[in-house]
Amino acid sequence: MELYVDTNAPAMVIAAGDIYGGVITCKEQGAAGTACIGTDGAKLKLPNMRYIVSLLPTSGESGLLLPITVGLEPSGRLASLCPNCRTIDWGDEVIELCADFVPIPRAVNSPSLLQRINFPARDGRRRNVELYRDNGIRLSVEEGGAERSFILCGGTEGSMRVLDVGRERLLIVHAKDGDTERLMALEGHFEVVAAIEGTHCSVDDGYLTAIAPLGTVLGHERRTRYELRAGRLDRLPDEVGFYSHSPIFPSDAVGVSLALMEEVMLKRADELERLMCQELGESLELSDLCEFFGDFDETRAAPWQDIGGDSGVDEERVILGAVKDGKAKKFVFTVKNERITDITDTEED
């Protein structure tokens, strides 16, 4: 079995087999039965047996990261559920282990008051509301001499405002946690009636709006909106597009190929012609590409790109996978002058 490792931060990889002395080869040879390598180009050639794989992060942009240890079956599947790990079967006994490290929670300083406002009840009774930070964003309500508090969400910063919607009065809380923003609307009894999050949240033009990146090459974003109408909040269907920036077109062959497959996965045709040569663009529609690639919910470049054969002048060939249920169907893309000129299904060769 060939094992490739892909993580979201540089790491050392230790693979220990069920029996001592298994032959493991990699770019940096470890002791018999174990191997230690970096994530860039990480590749282990392992005998078929059960392994315990430990991923030890060596650095992180946001501080210390938690290590990950998983069991790997001879088939390449995870031996037990790991929320931050998954495997992809590329066929021919090639397995890719993908893992996302999470930061070690930092100690939070003593509670800090963020804002205090008056949020009158419908009968005019005065209620003092405080927003403060204490291991998250909390709300404290003082009414009739009694006080109660509850946590709303995670975060380190926050603000609130009162918003009149028809005959209803809402308390809008805007919280921030690093690059993530959350927007919550609470009704008069302090029940949350709407909650959205993204990299940008706002209340404008009669909408509660959140925009979140989808992590695609072109920079697609998902927009979630609640419409303020006739004294109530109505959630609208989510939309996918470019709301805070224009599409970011790649110049490398892998990026161009990934961008096309992501457009197909999202069922969008707007940018397809910019990614294909004129001949393909005139002959293929979105429906044709959907039928060709089949059903998939993720696309990624193969961890190896040794295709063999000769490419034409100024042409580059790359292997991508259409991933569904942990299995990758492989396609070879030919790219010239930042445009796709050919796509081949490897299973039909």
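Calculation criteria
- Residues numbered from 1 in each chain as written.
- Predicted model: local features only at pLDDT ≥ 70, side-chain atom pairs only at ≥ 80, totals over all residues.
- Heavy atoms only, no water.
- Pairing = 2+ DSSP bridges.
- Helix = DSSP H or I, 4+ residues; strand = E, 2+ residues; numbered from the N terminus.
- Axes fitted to C-alpha atoms, helices over the stretch in contact; angles between N-to-C directions.
- Core = buried A, V, L, I, M, F, W, Y, C linked by side-chain atoms within 4.5 Å.
- Buried < 20%, exposed > 50% of the residue type's maximum accessible area, 1.4 Å probe, protein only.
- Contact = heavy atoms within 4.5 Å.
- Expected span 1.5 Å × (residues − 1).
- pLDDT = per-residue confidence, 0-100.
- Polar contact = N/O pair within 3.5 Å; in protein donor to acceptor, adjacent residues only side chain to side chain.
- Arc of directions from axis to C-beta.

## Quick look at the sheet that holds strand E14 (residues 180–186)
- Read from one edge of the open sheet, four strands run E12-E13-E14-E15, paired in antiparallel fashion. At either end of the open sheet lies a strand with only one pairing partner, and these are strand E12 (157–165) and strand E15 (192–198). Averaged over all neighbouring strand pairs, the angle between strand axes comes to 15°, with direction disregarded.
- Two elements, E12 and strand E13 (residues 168–177), share nine bridges in a ladder whose sense is antiparallel.

## Examining the sheet that holds strand E4 (residues 51–57)
- Read from one edge to the other, the open sheet built from three strands follows the order E2-E4-E5, with strand pairing classed as antiparallel. The two strands at the open ends of the sheet, each matched to only one other strand, are strand E2 (11–17) and strand E5 (68–72). Shown here is a sheet whose adjacent strand axes are inclined to one another by a mean of 20°, direction ignored.
- Here five bridges tie E4 to E5, and the two strands are oriented antiparallel to one another. Each residue of the ladder has a partner; that of Leu55, found in E5, is Ile68.

## Some remarks on the nonpolar core
- In this structure, Leu260, Met261, Phe293, Phe333, Ile340 and Ile343 are the most contacted members of the largest nonpolar core, which totals 26 residues.
- Broken down by element, this core gets its largest block of residues, seven residues, from helix H1 (residues 253–265).
- If near-sequence neighbours (up to four positions away) are discounted, Ile340 is found in contact with Val256, Ser257, Leu260, Leu275, Met276, Cys277, Leu280, Phe333, Thr334 and Val335.

## Digging into H1
- The first and last C-alpha atoms of H1 sit 18 Å apart over 13 residues, in line with the 18 Å expected at 1.5 Å per residue.
- On its buried face, H1 sits against helix H2 (272–275), helix H4 (286–293), strand E21 (298–301), strand E22 (315–324), strand E23 (327–336) and strand E24 (339–345).

## Considering the confidence of the model for the protein chain
- The pLDDT averaged across the protein chain works out to 85; a share of 87% of its residues lies at or above 70.
- Scored below 50 in pLDDT, residues 20–36 shows 41 contacts in the model against residues more than four places distant or in partner chains.

## Digging into the environment of Leu163
- In this structure, Leu163 sits in strand E12.
- Taking the relative accessible area as the measure of exposure, Leu163 reaches 13% and is therefore buried.
- Placed 22 residues apart in sequence, Leu163 and Ala185 show a C-alpha to C-alpha distance of 9.1 Å.
- Beyond its immediate stretch of four places on either side in the chain, Leu163 contacts Glu168, Arg169, Leu170, Ile172, Val203 and Leu228.

## Thoughts on the side chain of Ser257
- Turning to its location among the elements, Ser257 is positioned in helix H1.
- With residues up to four places along the chain from it excluded, the contact list for Ser257 reads Val318, Leu320, Phe333, Val335 and Ile340.

## Comments concerning the environment of Glu130
- Tracing the backbone shows Glu130 in strand E9 (residues 128–133).
- For Glu130, a relative accessible area of 24% corresponds to the partly exposed category.
- With 13 residues separating them along the chain, Glu130 and Ile117 place their C-alpha atoms 6.6 Å apart.
- Apart from the residues within four sequence positions on either side, Glu130 is in contact with Leu113, Gln115, Arg116, Arg138, Leu139, Ser140 and Met160.
- Only 2.8 Å separates the side chain of Glu130 from the side chain of Arg116, close enough to count as a polar contact.

## Quick notes on H4
- Turning to H4, its buried residues are Leu286, Leu289 and Phe293. Buried residues along H4 cover an arc of 65° about the axis, so they all sit on one side.
- Among the residues trailing H4, Gly294 stands out with phi positive, at a value near 80°.

## Considerations on unusual backbone geometry
- Even without being a glycine, Asp325 presents a positive backbone phi close to 55°.
- Relative to the helices and strands, Asp325 resides in the loop between E22 and E23.

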